[in-house]
Amino acid sequence: MSSTSGGIATLVIAGVTNASFTIPMKYARKWAWENTWLAWTVFALVVLPFSVALVTIPNLSMVYRSATLDTILEVCGFGAGWGIAQVFFGLAVDMIGITLAFSIVLGTSAAVGSLIPMVSLHRDHLNSPAGYAVLGANALVLLGVMLCAVAGRRREGPQSTSLQKRTSQGLLLSILCGLLASLMNFGVAFGTPLAQVARSFGANGLNAINAIWLPLMVSGAVPNVLYCAWLMKRNGSGHRYREGRSHWMLAAIMAVLWFGSTLLYGRAASQLGSWGPILGWPLFMSLIVITATILGMLTGEWKDSGPLPIRIQWIGVTVLVLAIFILAGSTRYLS
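About the thresholds
- Just so you know, the residues in each chain are numbered from 1, in the order the chain's sequence is written.
- Residues qualify for local features only when their pLDDT is at least 70, as the model is predicted, and side-chain atom pairs are given and counted only at 80 or more; totals for whole chains, interfaces and linings, by contrast, use all residues.
- Water and hydrogen atoms play no part in the side-chain values, which are based on all heavy atoms of the structure.
- Each Phe, Tyr or Trp ring, with Trp reduced to its six-membered ring, pairs with another whose centre is within 6.5 Å; inter-plane angles below 30 degrees give stacked pairs, above 60 give edge-to-face pairs, and intermediate values give tilted ones.
- A run of DSSP states H or I qualifies as a helix once it reaches four residues; a run of E qualifies as a strand once it reaches two. Both are numbered from the N-terminal end.
- We call a residue buried when its accessible area falls under 20% of the maximum for its residue type, exposed when it is over 50%, and partly exposed in between, using a 1.4 Å probe and counting protein chains only.
- Summarising the geometry, the arc corresponds to the directions from the helix axis toward the C-beta atoms.
- Every residue pair with non-hydrogen atoms within 4.5 Å of one another is taken to be in contact.
- Think of a nonpolar core as a cluster: buried Ala, Val, Leu, Ile, Met, Phe, Trp, Tyr and Cys residues, connected wherever their side-chain atoms sit within 4.5 Å.
- Predictor confidence is given residue by residue as pLDDT, running from a minimum of 0 to a maximum of 100.
- In this analysis, axes come from line fits to C-alpha atoms, helices being fitted only over the stretch in contact, and the angle between any two N-to-C directions falls in the range 0 to 180 degrees.
- Working rule for angles: under 35 degrees goes down as roughly parallel, over 145 as roughly antiparallel, 65 to 115 as roughly perpendicular, anything else as oblique.
- Residue polarity follows a fixed list, in which Ala, Val, Leu, Ile, Met, Phe, Trp, Tyr, Cys and Pro are nonpolar, Asp, Glu, Lys and Arg are charged, and the others, Gly among them, are polar.
- For a crossing to be left-handed, the near helix must be turned anticlockwise from the far one by less than a right angle; the clockwise case is right-handed.
- Given a helix with a known number of residues, its expected span is that number minus one, times 1.5 Å.
- Patch construction takes residues with relative accessible area above 30% that form no salt bridge. Like charges are linked within 9 Å, and nonpolar side chains (Val, Leu, Ile, Met, Phe, Trp, Tyr) are linked within 5 Å.
- Note that accessible areas follow from Shrake-Rupley with a 1.4 Å probe, and for residues the cover is restricted to the protein chains shown.
- By definition, a salt bridge exists where a carboxyl oxygen of Asp or Glu is found within 4 Å of a side-chain nitrogen of Lys or Arg.

## Regarding the packing of aromatic side chains
And step 1. For the coordinates displayed, the defined rule picks out 15 aromatic pairs.
And step 2. Look at Phe43 and Trp248: their rings are 6.4 Å apart centre to centre, the planes differ by 85°, and that puts the pair in the edge-to-face class. One end of the pair, Phe43, is in helix α2 (residues 33-56); the other, Trp248, is in helix α11 (residues 247-271), and 205 residues separate them in sequence.
And step 3. The class of Phe43 is partly exposed, set by a relative accessible area of 25%.
And step 4. Ring pairing ties together the aromatic residues Phe21, Trp33, Trp37, Trp40, Trp82, Phe89, Tyr227, Trp230 and Trp258, which thus form one cluster.

Put into structure tokens, the structure is as follows:
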């Protein structure tokens, strides 16, 4: 299997894994949202990235001492912005469900997260078969996501004023999250010098990206920790950690699924070479939307919605599948 084919196969696994990570949250009923999200943050954004970097990057401390301060601060800045997006995402899922939140967030993130690195790093390829394929596929991603959003809105049906307000807030948070979520991909795209330093100290080509994940994730943890701590103080929910002790395991499973998918995305991006963040990101996002749709239906989010919303949703998913095939086919034009 070529590195490109291997990268796409890895992306499929990453997309399925990522779309599954919020499922355990539905069963943490004895905890408030902030309890679960804080536990997930500690596991997924601090413990796992540090552990993986420590194991896979030789001379880890020397890597960061040798990298330029500008590169580290740039990655940390992207991480902090992405961390705010994660707060918005957790709230949006709670308000409007997995399928609708994933559709809007990931469609927005796919377009922004792919096109900006392409314009910045591969401007000369815009007027080429590869450039046309990526641009066309991104347009299909946006169309597919718009159809999924329409289906999700129709799924809700008539709502009370309070539910309409909650749905509107969830939609707004999803859009903001999508814009900020692409900052993770910017961290990967523009943090390449940090991975190069890791390679110079003995990290292999596929693990070197873990040197980027650590500062990116830890910086992203800060907004999540601060917001959850504020919520627990306001709601008096800190005592809930004494209840439902099995919920710690649920939060840990969420973290393993999410960070595992992130590691797989990083590996796939490395396998796809310099086009990894451009080609891989919309593929990753589309696969998550498709999987989230299936999971949302299996967990009852579309129960009693009627046939029309489900039909529109599957049309949207079909468009996303077409985009995936176009992106996969575009690899033949990459140099």
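## Focus on the environment of Cys148
And step 1. Within the secondary structure, Cys148 sits in helix α6 (residues 129-156).
And step 2. Residue classification places Cys148 among the buried positions, given a relative accessible area of 1%.
And step 3. Between the C-alpha atom of Cys148 and that of Gln313, which follows or precedes it by 165 residues, the distance is 4.8 Å.

## Looking at helix α9 (residues 192-200)
And step 1. Every buried residue of α9 is accounted for by Leu194, Ala195, Val197 and Ala198. When α9 is viewed along its axis, its buried side chains cluster within an angular range of 155° and face the same direction.
And step 2. On its buried side, α9 packs onto α3 (60-66), α4 (69-96) and α10 (210-235).

## Focus: the nonpolar core
And step 1. Counting 89 residues, the largest nonpolar core has Trp37, Trp40 and Trp258 as the members making the most contacts within it.
And step 2. Looking at this core element by element, the count peaks at 11 residues for α4.
And step 3. When neighbours within four sequence positions are excluded, Trp40 is seen to be in contact with Phe21, Leu45, Gln86, Ala251, Met254, Ala255 and Trp258.

## Section: the confidence of the model for the chain
And step 1. Model confidence for the chain is summarised by a mean pLDDT of 81, while 84% of its residues fall at 70 or above.
And step 2. Within the chain, no element has a lower average pLDDT than helix α5 (residues 98-121), which sits at 67, and none a higher one than α2, at 94.

## Comments concerning the side chain of Ser237
And step 1. Looking at where Ser237 falls in the secondary structure, it is placed in the loop between α10 and α11.
And step 2. Judged by relative accessible area, Ser237 falls into the buried class, the value being 2%.
And step 3. When near neighbours in sequence (up to four residues on either side) are disregarded, Ser237 contacts Ala32, Glu34, Asn35, Leu231 and Met232.

## Some words on the environment of Leu320
And step 1. By secondary structure assignment, the location of Leu320 is in helix α13 (residues 307-330).
And step 2. Owing to a relative accessible area of 0%, Leu320 belongs among the buried residues under this scheme.
And step 3. Placed 172 residues apart in sequence, Leu320 and Cys148 show a C-alpha to C-alpha distance of 9.9 Å.
And step 4. Those residues within four positions of Leu320 in sequence are excluded, and the remaining contacts are Val141, Gly144, Val145, Cys148, Ser286, Val289 and Ile290.

## With respect to the packing of α9 against α10
And step 1. α10 packs onto α9 with a crossing angle of 130° between their chain directions and a minimal axis gap of 7 Å. For the element pair α9 / α10, the angle class is oblique. Together, Thr192, Leu194, Ala195 and Ala198 of α9 and Ala211, Ile212 and Pro215 of α10 make up the contact between the two elements.
And step 2. Taken together, the residues of the contact of α9 with α10 break down into six nonpolar, one polar and no charged.

## A short note on unusual backbone geometry
And step 1. Phi is positive for Asn59, close to 50°, though the residue is something other than glycine.
And step 2. As for its placement among the helices and strands, Asn59 is situated in the loop between α2 and α3.
And step 3. A residue is classified by how much of its surface remains accessible, and Asn59, at 45% relative accessible area, is partly exposed.

## Remarks on the packing of α4 against α10
And step 1. α10 packs onto α4 with a crossing angle of 45° between their chain directions and a minimal axis gap of 7 Å. Between α4 and α10, the crossing angle belongs to the class labelled oblique. Between α4 and α10 the crossing geometry is right-handed. Contacts between α4 and α10 pair Val75, Cys76, Phe78, Gly79, Ala80, Trp82, Gly83, Ile84, Gln86, Val87 and Leu91 from the former with Ile212, Pro215, Leu216, Met217, Ser219, Gly220, Pro223, Asn224 and Tyr227 from the latter.
And step 2. In the contact of α4 with α10, the residues fall into 14 nonpolar, six polar and no charged.

## Section: α10
And step 1. Spanning 26 residues, α10 covers 36 Å between terminal C-alpha atoms, matching the ideal 38 Å at 1.5 Å per step.
And step 2. Following α10 by one or two positions, Gly236 has its phi on the positive side, about 60°.

## Digging into the side chain of Gln86
And step 1. Within the secondary structure, Gln86 is located in helix α4.
And step 2. The exposure class of Gln86 is buried, given its relative accessible area of 7%.
And step 3. Ignoring any residue separated from it by four or fewer positions in sequence, one finds Gln86 in contact with Trp37, Trp40, Asn224 and Trp258.

## Concerning a nonpolar patch on the surface
And step 1. On the surface, a cluster of nonpolar side chains totalling about 250 Å² of accessible area is made up of Val42, Val46, Val47 and Val218.
And step 2. For the nonpolar patch, the element with the highest residue contribution is α2, accounting for three residues.
And step 3. By secondary structure assignment, the location of Val42 is in helix α2.

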